[in-house]
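A look at the structure
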Amino acid sequence: MQTTAASLNEKVQAVWNKRPMIISGPCSAETEEQLIATAQRLAATGKVDMLRAGIWKPRTKPGMFEGVGAKGLPWLQQAKKLTGLPTTVEVATGKQVQDALTFDVDVLWIGARTTVNPFSVQELADALRGVDVPVLIKNPVNPDMELWSGAVERVARAGIKQIGLIHRGFSSYGNTEYRNAPMWHLAIDMKLKYPDMPFINDPSHICGRRDILLDTMQKAIDLDYDGFIIESHIDPDNAWSDAKQQVTPERLAEMLDSIVWRREDVNSEEYHAALEKLRNQINQLDDELMQILSRRMIIAEQIGQYKKDNNITILQTNRWNEIIERATARGEKIGLSKEFITRYFDAVHMESINHQKKVLDS
Ligand code: PEP
Ligand code: MN
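The shown structure was predicted, so the numbers you read here are calculated from the model rather than taken from an experiment.

**Here's the deal with the overall build of the protein**
- Scanning the protein from N- to C-terminus turns up 14 helices and 8 strands.
- Projected onto the principal axes, the alpha-carbon positions of the protein cover approximately 80 × 50 × 40 Å.
- Within the protein, buried positions represent 46% of all 362 residues.
- When contacts within the protein are restricted to residue pairs at least 6 apart in sequence, those whose partners lie at least 24 apart make up 73%.
- Once the 44 positive and 49 negative side-chain charges of the protein are each reduced to a mean point, those two points are 3 Å apart.

**Remarks on the coordination of the manganese ion (ligand 2)**
- Protein ligation of the manganese ion (ligand 2) involves Cys-27 (SG), His-205 (NE2), Glu-231 (OE) and Asp-242 (OD), the donor distances falling in the range 2.0 to 2.4 Å.
- Read N to C, the donor residues that coordinate the manganese ion (ligand 2) are spaced as C-x177-H-x25-E-x10-D. A residue pair is termed long-range when its members are at least 10 positions apart, and Cys-27 in the loop between strand 1 (21-25) and helix 2 (32-45) and His-205 in helix 9 (residues 203-207) qualify at 178 residues.
- For Cys-27, a relative accessible area of 2% gives the class buried.
- Residue class for His-205 comes out buried when judged on its relative accessible area of 8%.

**Quick word on a nonpolar patch on the surface**
- Together, Ile-334, Leu-336 and Phe-340 make up a nonpolar patch on the protein surface, roughly 290 Å² of accessible area in all.
- Looking at the secondary structure, you find Leu-336 in the loop between helix 13 (317-333) and helix 14 (338-361).

**What to know about the packing of helix 2 against helix 11 (residues 249-258)**
- Between helix 2 and helix 11, whose axes approach to 9 Å, the crossing angle comes to 30°. The angle between the axes of helix 2 and helix 11 places the two elements in the roughly parallel class. Seen from above, helix 2 lies across helix 11 with right-handed handedness. In this structure, helix 2 contributes Thr-38, Arg-41, Leu-42 and Thr-45 to the contact, and helix 11 contributes Pro-249, Glu-250, Leu-252 and Ala-253.

**Quick notes on the packing of aromatic side chains**
- Inspection of the entire model under this criterion finds 7 aromatic pairs.
- Relative to Tyr-225, the ring of Trp-184 lies with its centre 5.8 Å away and its plane at 85°, an arrangement referred to as edge-to-face. Pair noted here: Trp-184 is in helix 8 (residues 184-193) and Tyr-225 is in the loop between helix 10 (213-222) and strand 8 (227-231), with a separation of 41 residues, a long-range link. As far as the burial class goes, Trp-184 and Tyr-225 line up, both buried.
- Within the aromatic cluster, the residues linked to one another by ring pairs are Trp-148, Trp-184, Phe-199 and Tyr-225.

**Details of the pattern of salt bridges**
- Under the definition given, this model contains 18 salt bridges.
- One salt bridge in this structure joins Glu-250 and Arg-41, with 2.8 Å as the shortest N-O distance. Of this pair, Glu-250 sits in helix 11 while Arg-41 sits in helix 2, and the two are 209 residues apart along the sequence.
- Its relative accessible area of 35% is what places Glu-250 among the partly exposed residues.
- Between Asp-211 and Arg-209 there is a salt bridge, with the nearest N and O atoms lying 2.6 Å from each other.
- Look at Arg-209 and you get partly exposed, because its relative accessible area is 29%.

**Brief notes about the sheet that holds strand 2 (residues 50-52)**
- Pairing is parallel in the closed barrel, where 8 strands are placed in the order 1-2-3-4-5-6-7-8. Looking at each pair of strands side by side, their axes are set apart by 25° on average, direction ignored.
- Relative to strand 5 (residues 135-138), strand 4 (residues 107-110) runs parallel, the two being bridged by 3 bridges. Among the inter-strand pairings, Ile-110 is bridged to a residue of strand 5, identified as Ile-137.

**A short note on helix 13**
- Here helix 13 is 17 residues long and its end C-alpha atoms lie 25 Å apart, about the 24 Å a rise of 1.5 Å per residue gives.
- Burial in helix 13 covers these residues: Trp-320, Ile-323, Ile-324, Ala-327, Thr-328 and Gly-331. Down the axis, helix 13 shows its buried residues gathered within 120° of arc, on one side only. Seen from the open side of helix 13, the exposed residues pointing more than 90 degrees away from its buried face are Asn-318, Glu-325, Arg-326, Arg-330 and Lys-333.

**A word on the domain arrangement of the protein**
- By domain assignment, the protein separates into domain 1 (5-258) and domain 2 (269-361).
- A separation of 42 Å is found between the C-alpha centroids of domain 1 and domain 2.

**Looking at unusual backbone geometry**
- The omega torsion across Arg-19 and Pro-20 is -10°, close enough to zero to call that bond cis.
- Looking at the element boundaries, Pro-20 is found in the loop between helix 1 (5-17) and strand 1.
- Its identity as a non-glycine residue notwithstanding, Asp-104 has a phi of 60°, on the positive side.
- Inspection of the secondary structure puts Asp-104 in the loop between helix 4 (94-102) and strand 4.
- According to the relative accessible area criterion, Asp-104 is partly exposed, its value standing at 41%.
- One non-glycine residue, Met-183, lies in the positive phi region at around 45°.
- With respect to the secondary-structure elements, Met-183 resides in the loop between strand 6 (163-167) and helix 8.
- Residue Met-183 is classed as partly exposed on the basis of its relative accessible area of 26%.

Cut-off values and rules
- Residues numbered from 1 in each chain as written.
- Chains lettered and ligands numbered in written order.
- Predicted model: local features only at pLDDT ≥ 70, side-chain atom pairs only at ≥ 80, totals over all residues.
- Heavy atoms only, no water.
- Helix = DSSP H or I, 4+ residues; strand = E, 2+ residues; numbered from the N terminus.
- Buried < 20%, exposed > 50% of the residue type's maximum accessible area, 1.4 Å probe, protein only.
- Contact = heavy atoms within 4.5 Å.
- Lys, Arg positive; Asp, Glu negative; His and termini not counted.
- Charge placed at Lys NZ, Arg CZ, Asp CG, Glu CD.
- Donors = N, O, S within 2.8 Å, 3.2 Å for Na, K, Ca; no water.
- Patch = residues over 30% accessible without salt bridge, like charges linked within 9 Å, V, L, I, M, F, W, Y side chains within 5 Å.
- Areas by Shrake-Rupley, 256 points an atom, 1.4 Å probe, with all protein chains shown as cover.
- Salt bridge = Lys/Arg side-chain N within 4 Å of Asp/Glu carboxyl O.
- Axes fitted to C-alpha atoms, helices over the stretch in contact; angles between N-to-C directions.
- Parallel < 35°, antiparallel > 145°, perpendicular 65-115°, else oblique.
- Left-handed = near helix turned anticlockwise from the far one by under 90°.
- Phe/Tyr/Trp six-rings, centres within 6.5 Å; stacked < 30°, edge-to-face > 60°.
- Pairing = 2+ DSSP bridges.
- Expected span 1.5 Å × (residues − 1).
- Arc of directions from axis to C-beta.
- Domains from an automatic or database assignment.

Shown next, in the form of structure tokens:
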């Protein structure tokens, strides 16, 4: 397939606006043969919109495969020429931005280990000034949303118009089910903050293993994500990086087929009427909950007055433990998880302490 610069740009725009947007390819470009075979098998599925490949790999420890470097860029060019798939690579320095653009990489992405570092992000932003290229920004390795939105702002200020977000999970101490904890609620906050940006899920780096990829992908679709960036390899077990989490192009196609795709809305009066009725009930209950919480705070203030008169501390550990034990036991009987009850009572308790503190300070 021959592609001119103009038609390719149209293609990149079409991919950027396609839902779901599916980006796939190996964690790392290893050899020209491996990259091209992966691209061709991905293209053959008809389900993939863009080819990813790491060329410069930021590795946690030295001595691991750190990517083939700029010599992999012509391989990507060739893969694009043969399959028509636009390409994306990770960039971490200004020089890498220039090299990637010289070899017509269509979309750049900023990795999690770069988003954490404002100096690096600023260097990338400076290299991007005056360039018209879409940029995807991964969440930082640590759950600091300010760093993530800070990176978005730096890139936006450099004049980049098309920015997308990639949720790849957050590292945590010790062994957990996930390689990087998804912390969905944090990612969703980011999605709500930037509703117009494509919001892409990276199940490979969240899971770190193949067996839980599909569940994670379904969850992302249930949460209205705009697409996936997922690693694939012609021989996953022998991949030079991230072997445990990669799948073959054919397995990827199977997974995409078994996802229940959901839409955000539907043009049905019956559906909207039923939903509105139920939402009114929820609003009513939320109002009642707040009234009750407000009454609870008034009683807490009365207790605060007694504590003040008798010079007693606000925090009473025994009483607090008793409240939590009582509430979690009751909650579990009526379908409220222990985790939720604990978080909910923590918030209520903190608010009570603040109310009592005001009484004690008055
Ligand atoms: C990658 O996409 O291969 C990668 C290095 O990811 P992350 O920046 O999320 O660790
Ligand atoms: Mn990887």
